[in-house]
Amino acid sequence: MAEQERLRDYHRKRDFGRTAEPRGRGAAAGQEPRFVVQIHDAGTLHFDFRLQVGDVLKSWSVPKGPSGDPHDKRLAVPTEDHPLEYEDFEGVIPRGEYGGGTVIVWDHGVYEPLSHDRTGRSVDFGESLDRGHARFRLKGSKLRGEYALTRFRDGGDGGEEAWLLVKAGGKAQGHGTPDPRRARSVTSGRTLAQVAADSGER
Ligand code: MN
């Protein structure tokens with residue numbers, strides 16, 4: 001599927017005359033796939049977890065955010081694919097627009113796909129996600145180590161598709177997830193409140 005086709009939902013939901021979010025013009029994919037975690041204050045405060053698969057960012061909304069504690073199972077609800085350029089988006093989406101509210105880039109980096117079949121052979125990462133389970137090692141500034149995403153409800157019954165994001169193995173890293181209102185951007189060092197103030201939209 002062409003990138004523009006995969007981003008159809010992303011484009012349909014947004015008015016690019018009003019929001020500064022990227023349209024997605026086909027940024028070149030690097031050697032290692034990237035990930036980004038954004039904090040998004042859009043009525044309900046949540047984290048957006050995105051993994052590069054091919055030329056898009058597969059995306060999940062994670063209400064409580066990823067945890068470094070393997071005992072924490074964090075609900076992750078899939079959202080539309082985003083363009084690769086979204087990794088750098090930090091700012092304010094105007095009120096009344098889709099996702100209206102403030103966004104900071106909480107963490108980003110690269111990840112190593114770790115999915116294997118029963119014989120130990122590595123399998124295509126996008127395919128493992130399609131099948132509903134994928135493991136990967138995050139190499140971010142804040143998030144490091146193995147994580148797994150597992151679909152536990154397929155949404156076929158008209159309900160919402162739902163996944164769990166869990167730190168897989170290893171010892172606990174940090175203490176869960178920091179308070180999203182006090183957390184700082186990995187790129188600018190700013191909090192949500194500071195980004196909102198800087199944009200002039202309060
Ligand atoms: Mn969001």
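The following refers to the structure shown. (Residues numbered from 1 in each chain as written. Predicted model: local features only at pLDDT ≥ 70, side-chain atom pairs only at ≥ 80, totals over all residues. Heavy atoms only, no water.)

### Concerning the overall build of the protein chain
- Counting its regular elements, the protein chain contains four helices and nine strands.
- Helices and strands appear in the protein chain in the N-to-C order α-α-β-β-β-β-β-β-α-β-β-β-α.
- Over its C-alpha atoms the protein chain spans a radius of gyration of 17 Å, differing by no more than 12% from the 17 Å that the globule rule assigns to 202 residues.
- Its C-alpha atoms give the protein chain principal-axis dimensions of roughly 55 × 40 × 40 Å.
- The buried share among the 202 residues of the protein chain stands at 46%. (Helix = DSSP H or I, 4+ residues; strand = E, 2+ residues; numbered from the N terminus. Rg over C-alpha atoms; globule rule 2.2 N^0.38 Å. Buried < 20%, exposed > 50% of the residue type's maximum accessible area, 1.4 Å probe, protein only.)

### Quick look at the packing of aromatic side chains
- Counted by the stated rule, this structure contains nine aromatic pairs.
- Geometrically, the ring pair formed by Y10 and F16 is tilted, given 6.0 Å between the ring centres and 40° between the ring planes.
- With a centroid separation of 5.8 Å and an interplanar angle of 85°, the aromatic rings of F47 and W106 are classed as edge-to-face. Here F47 is found in strand β2 (residues 44-53), whereas its partner W106 is found in strand β6 (residues 101-113), with 59 residues between them in sequence. Of the two residues examined, F47 and W106, each falls in the buried class.
- Among the aromatic residues, those joined into a cluster by ring pairs are Y10, F16, Y86 and F89.
- Of note, K167 hangs over the ring of Y147, and the distance from its end group to the ring centre comes to 5.9 Å. (Phe/Tyr/Trp six-rings, centres within 6.5 Å; stacked < 30°, edge-to-face > 60°. Lys NZ or Arg CZ within 6 Å of the ring centre and 35° of its normal.)

### Focus on the pattern of salt bridges
- The tally for this structure, following the rule as stated, stands at 21 salt bridges.
- Across the pair K139 and E32 runs a salt bridge whose closest N-O atoms are separated by 3.8 Å. Of this pair, K139 sits in strand β7 (residues 133-140) while E32 sits in the loop between α2 (8-12) and β1 (34-42), placing them 107 residues apart in sequence.
- We classify E32 as partly exposed; its relative accessible area is 40%.
- We note a salt bridge from R181 to D41, for which the minimum N-O separation is 3.3 Å. Of this pair, R181 sits in the loop between β9 (162-167) and α4 (192-199) while D41 sits in strand β1; the two residues are 140 residues apart in sequence, bridging distant segments of the chain.
- Judged by its relative accessible area of 23%, D41 is partly exposed.
- Overlapping salt bridges bring together E32, E112, R135, R137, K139 and E146 as one network. (Salt bridge = Lys/Arg side-chain N within 4 Å of Asp/Glu carboxyl O.)

These results come straight from atomic positions and should not be treated as a statement about function.
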